[in-house]
Every structure is written in structure tokens, then in C-alpha cells.
Amino acid sequence: MTTEFSDLHLHPQLLQAVTELGYETPTPIQESIIPLLLGGHDVIGQAQTGTGKTAAFALPILHHIALGTGNVQALVVAPTRELAMQVSKAMYEYGRLREVRVLAIYGGQPYSRQINRLRKGVDIVVGTPGRLLDLMERKALDLGDVKYVVLDEADEMLSMGFIEDIETILESTPEKRQ
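Now for a quick tour of the structure. (Residues numbered from 1 in each chain as written. Predicted model: local features only at pLDDT ≥ 70, side-chain atom pairs only at ≥ 80, totals over all residues. Heavy atoms only, no water.)

## Examining the sheet that holds strand β3 (residues 124-127)
One key point about sheets: their strands pair by backbone hydrogen bonds, in either a parallel or an antiparallel sense.
So, point 1. Reading across from one edge, β2-β3-β1-β4 is the order of the 4 strands in this open sheet, with parallel pairing throughout. At either margin of the open sheet sits one strand with a lone partner, and together these are β2 (102-105) and β4 (148-151). Strand-to-strand twist across the sheet, computed as the mean angle between neighbouring axes with direction ignored, equals 15 degrees. (Pairing = 2+ DSSP bridges. Helix = DSSP H or I, 4+ residues; strand = E, 2+ residues; numbered from the N terminus. Axes fitted to C-alpha atoms, helices over the stretch in contact; angles between N-to-C directions.)

## Quick word on the environment of A74
So, point 1. Looking at the secondary structure, you find A74 in strand β1 (residues 74-77).
So, point 2. Taking the relative accessible area as the measure of exposure, A74 reaches 1% and is therefore buried.
So, point 3. Put simply, A74 and V126 are 52 residues apart on the chain and 8.4 Å apart in space, counted from C-alpha to C-alpha.
So, point 4. Setting aside anything within four residues of it in sequence, one finds A74 in contact with I61, I65, D123, I124, V125, V146 and Y148. (Buried < 20%, exposed > 50% of the residue type's maximum accessible area, 1.4 Å probe, protein only. Contact = heavy atoms within 4.5 Å.)

## A look at helix α4 (residues 81-95)
So, point 1. Taking 1.5 Å of rise per residue, the 15 residues of α4 would be expected to cover 21 Å, and the 21 Å separating its terminal C-alpha atoms lies within 8% of that figure.
So, point 2. What α4 keeps buried is the set L83, A84, V87, S88, A90, M91, Y94 and G95. In a view along the axis of α4, the buried residues occupy a sector of 160 degrees, so they form one face of it. Within α4, the exposed residues directed more than 90 degrees away from the buried face are E82, Q86 and K89.
So, point 3. Check the buried side of α4 and you find it contacts α1 (12-20), α3 (53-64), β1, β2 and β3. (Expected span 1.5 Å × (residues − 1). Arc of directions from axis to C-beta.)

## Quick word on α3
So, point 1. The terminal C-alpha atoms of α3 lie 18 Å apart, and with 12 residues this matches the ideal 16 Å at 1.5 Å per residue to within 8%.
So, point 2. Most of α3 is tucked away, with 9 of its 12 residues classed as buried.
So, point 3. Those residues of α3 that fall on the buried side of the exposure criterion are T54, A55, A56, F57, A58, L59, P60, I61 and L62.
So, point 4. Here the buried face of α3 lies against α1, α2 (28-38), β1, α4, β3 and β4.

## What to know about the pairing of β1
So, point 1. Side-chain alternation along β1 places A74 and V76 on one buried face and L75 and V77 on a second face that is also buried.
So, point 2. In this structure, β1 lies alongside β4, joined through 4 bridges in parallel fashion. Bridge pairing in β4 links A74 to Y148.

## Looking at the pairing of β2
So, point 1. The alternating pattern of β2 places V102 and A104 and L103 and I105 on opposite faces, both of which are buried.
So, point 2. One ladder, built from 4 bridges, connects β2 with β3; its direction is parallel. What sits directly across from L103, in β3, is V125.
So, point 3. Handedness of the crossover is the feature at issue here: the chain leaves β2, passes through helix α5 (residues 111-120), returns alongside β3, and the resulting connection is right-handed. (Right-handed = clockwise from strand over helix to strand, strands pointing away.)

## Examining the environment of Q46
So, point 1. Take Q46: it is sitting in the loop between α2 and α3.
So, point 2. Judged by relative accessible area, Q46 falls into the exposed class, the value being 78%.
So, point 3. A sequence separation of 107 residues divides Q46 from E153, and the C-alpha atoms of the two residues are 9.0 Å apart.

## Structural notes on the packing of aromatic side chains
The geometry of an aromatic ring pair is captured by two quantities: the separation of the ring centres and the angle between the planes.
So, point 1. Taken as a whole and judged by the stated rule, the model has 2 aromatic pairs.
So, point 2. Ring geometry for F5 versus Y23: centroids 6.1 Å apart, planes at 50 degrees, classification tilted. Of this pair, F5 sits in the segment before α1 while Y23 is found in the loop between α1 and α2, placing the two residues 18 residues apart along the sequence.
So, point 3. Aromatic pair Y23 and Y94: ring centres 5.9 Å apart, planes at 75 degrees, arrangement edge-to-face. Within this pair, whereas Y23 is found in the loop between α1 and α2, its partner Y94 is found in helix α4, the two being separated by 71 residues in sequence.
So, point 4. Of the residues examined, Y23 reaches a relative accessible area of 29% and is grouped as partly exposed.
So, point 5. Judged by its relative accessible area of 6%, Y94 is buried.
So, point 6. Among the aromatic residues, those joined into a ring-pair cluster are F5, Y23 and Y94. (Phe/Tyr/Trp six-rings, centres within 6.5 Å; stacked < 30°, edge-to-face > 60°.)

Quick look at the structure:
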């Protein structure tokens, strides 16, 4: 029996967005992980590149986001600027009909632009460890209202030596988070 995205009980605007993006049926990782994340479970997922891991974690987050709070509710930590840009673009595309505000934070870009966007309010931050820590130290990034944390390519971040940075970032998020 083939599962459809509509079988996953996602927000109607998310279903419309994935349909418009040409998604027809969930991939195996999406089919197995989306229901668990929607149910509030913590998950570790592993799959080959190109299998839809980003949508697997992004869609449940976008489903649960409370719009209009002005506070960062979800944090995705990525090892590289390229992955941070890719994930933030995907999350924006999936959540655009819900008007979810996503900000990519990474080095090589002026601090002022990122700080101004944070002051205006964003729902989701996708960033690299170093720049996240910089903005936290500058008191520009507050993770006190984060409800969802994703360590994207966690194995890569660990092999790159980011364990202490990740621990510091996670310590700045609430204990009760998914």
C-alpha cells in the first residue's frame, strides 16, 4: 500500500506546497520519520543523499510552528554554509504558504544583515556552529524559546571537531525540546 503525503496529516498549506513542488509520495525516510516527529518523539535518521531527509524533519517542524511569535522556535545546525543555505531554502519553500520566516546564519555574510533579520523576528534559524555562537555571544540570537532542534549531518559536524560548539549551543536551548 502506497502512502501519500495526505496520509501523514500535515497542515493543508504544507500539503499544497509539497504538491506544488512536485512531491507525490513520501520517500521511505519521510514515511517513517514524519509521523514520529509529528507525535513529539526524538529521532535519529540516517539515509543516503537525495532521499528527502530535509523534508523528513522540516515538514513536522513547519506543521507545529506557532506563527507570529517573533521568537526562534526551531534551530537547525549544519556543518557548512552550503548546507545551511540549502536547508533554509528548502524550509522556506515548504513553509512559504504558512508565511514561516526562515533565516540562514553562516560566516562570510555581514553580521548586520543577520542581526537585523533576527531583531525583526524569525521562526526558524538554520546556521553553522561558529556563526551561531558568535551571534549568541553578541546577544543577538536568543534560543530560549526553541522547541525543535535538528543536528543536520551530525556525524560530519563531529568529525569536523564541532562537539564543544554544539554542546554550548544545545545548552542555550530549553531542556524540554524535541
